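# Structure assessment
Here are the chains, one letter per residue:
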Amino acid sequence: MLSYDVIIVGGGLAGLMTSLGVVDSHKVALFSKVHPLRSHSLAAQGGLNASLGNVPGSADDNWEKHTFDTIKGSDYLADQDAVETMCRIGPEVVYELEHMGVPFSRTSEGKIAQRPFGGADYPRTCYAADRTGHVLLHTLYEQSVKKNVEVYTEWLVTSLIIKDNRAQGITALNYSTGEIVAFSARAVVLATGGYGRGYQNSTNAIINTGSGIAVAYRAGIPIKDLEFVQFHPTTLYGTNILMTEGARGEGGYLLNNKGERFMKKYAASKMELAPRDIVSRSMTTEILEGHGFENAFLHLDLRHLGEKKILERLPGIRDITIDFAGVDPVKEPIPVQPGQHYSMGGIDTNEKGETKVRGVYAAGECACVSVHGANRLGGNSLLETVTFGKIVSNQLRDFLASSKEESDKVFLDRALVKEKQRIEELFQRKGKRRYSEVRDELRRVMFTYVGIFRKEEELNTACEKVRQLKRDYRDVAVSYKTRSLNFELINTLELEGMLDLAEIISQGALARKESRGSHFRTDYPTRDDAKWMRHTLAFFTPNGLKFDYKEVKVTRYAPQERKY
Ligand SMILES: Cc1cc2nc3c(=O)[nH]c(=O)nc-3n(C[C@H](O)[C@H](O)[C@H](O)COP(=O)(O)OP(=O)(O)OC[C@H]3O[C@@H](n4cnc5c(N)ncnc54)[C@H](O)[C@@H]3O)c2cc1C
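For the structure given in this document, a descriptive report is provided here. (Residues numbered from 1 in each chain as written. Predicted model: local features only at pLDDT ≥ 70, side-chain atom pairs only at ≥ 80, totals over all residues. Heavy atoms only, no water.)

### Concerning the packing of helix α13 (residues 435-449) against helix α15 (residues 487-511)
Where α13 meets α15, the closest approach of the two axes is 10 Å, and the angle between their N-to-C directions is 25 degrees. Between α13 and α15, the angle falls in the class roughly parallel. The chirality of how α13 crosses α15 is left-handed. Counting all contacts with α13, which are made through Tyr435, Val438, Arg439, Leu442, Arg443 and Met446, the residues of α15 involved are Glu488, Asn491, Thr492, Leu495, Met498, Leu499, Ala502, Ile505 and Ser506. In the contact of α13 with α15, the residues fall into nine nonpolar, three polar and three charged. (Axes fitted to C-alpha atoms, helices over the stretch in contact; angles between N-to-C directions. Helix = DSSP H or I, 4+ residues; strand = E, 2+ residues; numbered from the N terminus. Parallel < 35°, antiparallel > 145°, perpendicular 65-115°, else oblique. Left-handed = near helix turned anticlockwise from the far one by under 90°. Contact = heavy atoms within 4.5 Å. Nonpolar A, V, L, I, M, F, W, Y, C, P; charged D, E, K, R; others polar.)

### Things to note about the sheet that holds strand β12 (residues 253-255)
Reading across from one edge, β11-β14-β13-β12 is the order of the four strands in this open sheet, with antiparallel pairing throughout. Looking at the sheet topology across the chains shown, the edges are occupied by β11 (229-236) and β12. When strand polarity is set aside, the average angle formed by the axes of neighbouring strands in this sheet is 45 degrees. (Pairing = 2+ DSSP bridges.)

### So, the pattern of salt bridges
Here the idea is simple: oppositely charged side chains can pair when their charged atoms come close. Inspection of every chain in the model, using the stated rule, returns 57 salt bridges. Here arginine 186 and aspartate 5 are joined by a salt bridge, their closest N and O atoms 3.2 Å apart. Residue arginine 186 is found in strand β9 (residues 180-190), and its partner aspartate 5 is found in strand β1 (residues 3-9); the two are separated by 181 residues along the sequence. Each member of the pair, arginine 186 as well as aspartate 5, carries the same accessibility label: buried. When the shortest N-O distance is used, the salt bridge between aspartate 348 and lysine 550 registers 3.1 Å. Placement of aspartate 348 in strand β15 (residues 346-348) and of lysine 550 in strand β21 (residues 544-551) is noted, with a sequence separation of 202 residues between them. (Salt bridge = Lys/Arg side-chain N within 4 Å of Asp/Glu carboxyl O. Buried < 20%, exposed > 50% of the residue type's maximum accessible area, 1.4 Å probe, protein only.)

### Observations concerning the site of the ligand
Inspection of the region around the ligand gives 38 residues, with Ser39, His40, Ser41, Glu365 and Ser381 positioned closest. In this structure, an oxygen atom belonging to the ligand sits 2.9 Å away from a main-chain N or O atom of alanine 14. In the environment of the ligand, an oxygen atom lies 2.5 Å from a nitrogen or oxygen atom belonging to the side chain of glutamate 365. Alone, the ligand offers 1,000 Å² of accessible surface; in the complex the protein occludes 98% of this. Elements with a minimum of two residues in the shell around the ligand: α1 (13-22), β2 (28-32), β7 (155-163), β14 (334-343) and α11 (380-402). When residues in the shell around the ligand are grouped by element, the largest group, four residues, is from α11. (Near = heavy atom within 4 Å. Polar contact = N/O pair within 3.5 Å; in protein donor to acceptor, adjacent residues only side chain to side chain. Areas by Shrake-Rupley, 256 points an atom, 1.4 Å probe, with all protein chains shown as cover.)

### A word on the sheet that holds β15
Adjacent strands of a sheet form backbone hydrogen bonds with each other and so pair up, either parallel or antiparallel. With mixed pairing, the five strands of this open sheet are ordered in space as β17-β15-β10-β20-β21. In this open sheet, the two edge strands, each paired with only one partner strand, are β17 (367-368) and β21. Pairing geometry for strand β10 (residues 223-224) and strand β20 (residues 534-541), over two bridges, is antiparallel. Across the sheet, the residue bridging to lysine 224 is leucine 537, located in β20.

### A look at the packing of helix α3 (residues 80-100) against α11
Two elements in contact, α3 and α11, have axes separated by 9 Å at closest approach and are oriented at 90 degrees. One element, α3, and the other, α11, form an angle in the roughly perpendicular class. Residues Ala82, Thr85, Met86, Ile89, Gly90, Val93, Glu96 and Leu97 of α3 lie in contact with α11, whose contacting residues are Asn380, Leu383, Glu384, Val386, Thr387, Phe388, Lys390 and Ile391. A per-class count over the contact of α3 with α11 returns nine nonpolar, four polar and three charged.

### Brief notes about the packing of aromatic side chains
Scanning the entire structure with this criterion turns up 18 aromatic pairs. Here phenylalanine 453 and phenylalanine 520 contribute two aromatic rings whose centre-to-centre distance is 5.6 Å and whose plane-to-plane angle is 90 degrees, an arrangement assigned as edge-to-face. With a gap of 67 residues between them, phenylalanine 453 in strand β18 (residues 453-454) and phenylalanine 520 in strand β19 (residues 520-521) connect regions that are remote in the sequence. Connected via pairs of aromatic rings, a cluster forms that spans Tyr4, Phe31, Tyr152, Trp155 and Phe183. Lying across the ring of phenylalanine 427, arginine 483 places its NZ or CZ 3.7 Å from the centre. (Phe/Tyr/Trp six-rings, centres within 6.5 Å; stacked < 30°, edge-to-face > 60°. Lys NZ or Arg CZ within 6 Å of the ring centre and 35° of its normal.)

### Remarks on the pairing of β14
Of all 10 residues making up β14, 10 are buried, and the element is well covered by its neighbours. In this sheet, β14 lies alongside β11 in antiparallel orientation, the contact comprising six bridges. From the neighbouring strand, phenylalanine 231 faces β14, where its bridge partner is glutamine 340. When strand β13 (residues 298-301) meets β14, the two strands line up antiparallel, connected through three bridges.

Just geometry here; none of it tells us what the structure is for.
Rendered as structure tokens:
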């Protein structure tokens, strides 16, 4: 059996950043379902936040102001110690990225350029035109090649193996051969990204199924705050490809069918740059009240920015709208609608990225530290991936130095046998359901009943339908029997995890009888700090899903009403 000090699951920004901090001193393997450069991080457009104070109007910005904006944006559900850490080290990590070679856009003085983003009092989002994730991921990947990080590409990690509350290793499916293999590791880091594809109308990559969160859940690690699902206000109508918040950061307007900048009714001081939960709800309200186009979309108007600015700052957006909608934003407004975008919840960790299991860590979008609470501010997720990637790699070095225990190979072998049986059983099933039918119905159910506006009746419907889909899943058989490159098997395995997460989201949303950030209950429209200023924890038990709750960490910022 192959043994490593550290196994990192995920080749996006969080996984790569973690690997760079440990590869010089330890034996590291990085697993990814796809080539690391195809991770969803690549698609990030608008940028990452750090209080550098590089542009006019931001000279007195600092990490404490960034911390406050983030906590207010989170509707006071974020853990304040973790937010402080992220915002304090943000600038030094951004400079580290610059020194690795990230080609940021520049000010006329040659400093890293920054643009305004939603919910922030200063322009602090550092960017590379509208392709920030692309340049970050390429730079970190190049560094990982230089440092010889060992990468297992096109492997699906199917389970996390734990004994006596300590990491032992993983099992993984090799796409090309179809083999299931166990690997031993003294520490495992989950950096597997979000679950957006559990929803219809998502900006996420096809691979974003949340399988790493589901793997942690099945291994007994609690999943935190999963009911908080971010909807991005501006996705291209019809395809839901993201139209970056940077488009509004550069001055773009949102218009209804009367040509009005309707955000003045909902968030007069921040207008289009109010936080995402507020803009998405405002847009949905406009459409429901008959002020949309075809009762389905609104306009994102960039024309007044002029061709030069659009070509320089938003070239990717222009290419996308021309290619996918036949719309040139220099001449016409872009049709947009809100779409699922980001997972605020995830694997429960503390402010160091540690889970409750010794040697198991989580970082990036799959983790819930929590720095985003009930609503994430744009630009804070890329920042989270690199800052917590770094923090976790520091933790790993200390942990590996202090704990020399080796994995139990006999135990791992037994876990492998069980995992092989589980997968074999999928091939043997006689049921008639197709994974794709169950999956598509699941996505529709989540989008329809657990979306931007929620209420008891609809959430009950969602819970019931998800339970039914879980029963249907038992009738899903893998009809294609070849082991090599069996995507029917891979999708069927991932669907089981998507169903688990859907159950946690819908039941968690039903239980939370208040409105906070992205979780808006029309039947409980106000925030209830006395009862609900606490994190939801979801546990997998032999008798099914169980919830518990834990306190939010408050340092210096007492909850206030959130006004923009
Ligand atoms: C279109 C779009 C634009 C965005 N723009 C911005 C932005 O401008 N600013 C910002 O702050 N945020 C942005 N975000 C959010 C941000 O990009 C993501 O949250 C972040 O990049 C996630 O990084 P990650 O490393 O956690 O995961 P990802 O980049 O999603 O990588 C996950 C990795 O895990 C691997 N993996 C998953 N499951 C398994 C498994 N079971 N076995 C093996 N491997 C597995 C995948 O192969 C992949 O390599 C955007 C998101 C989207 C969708």
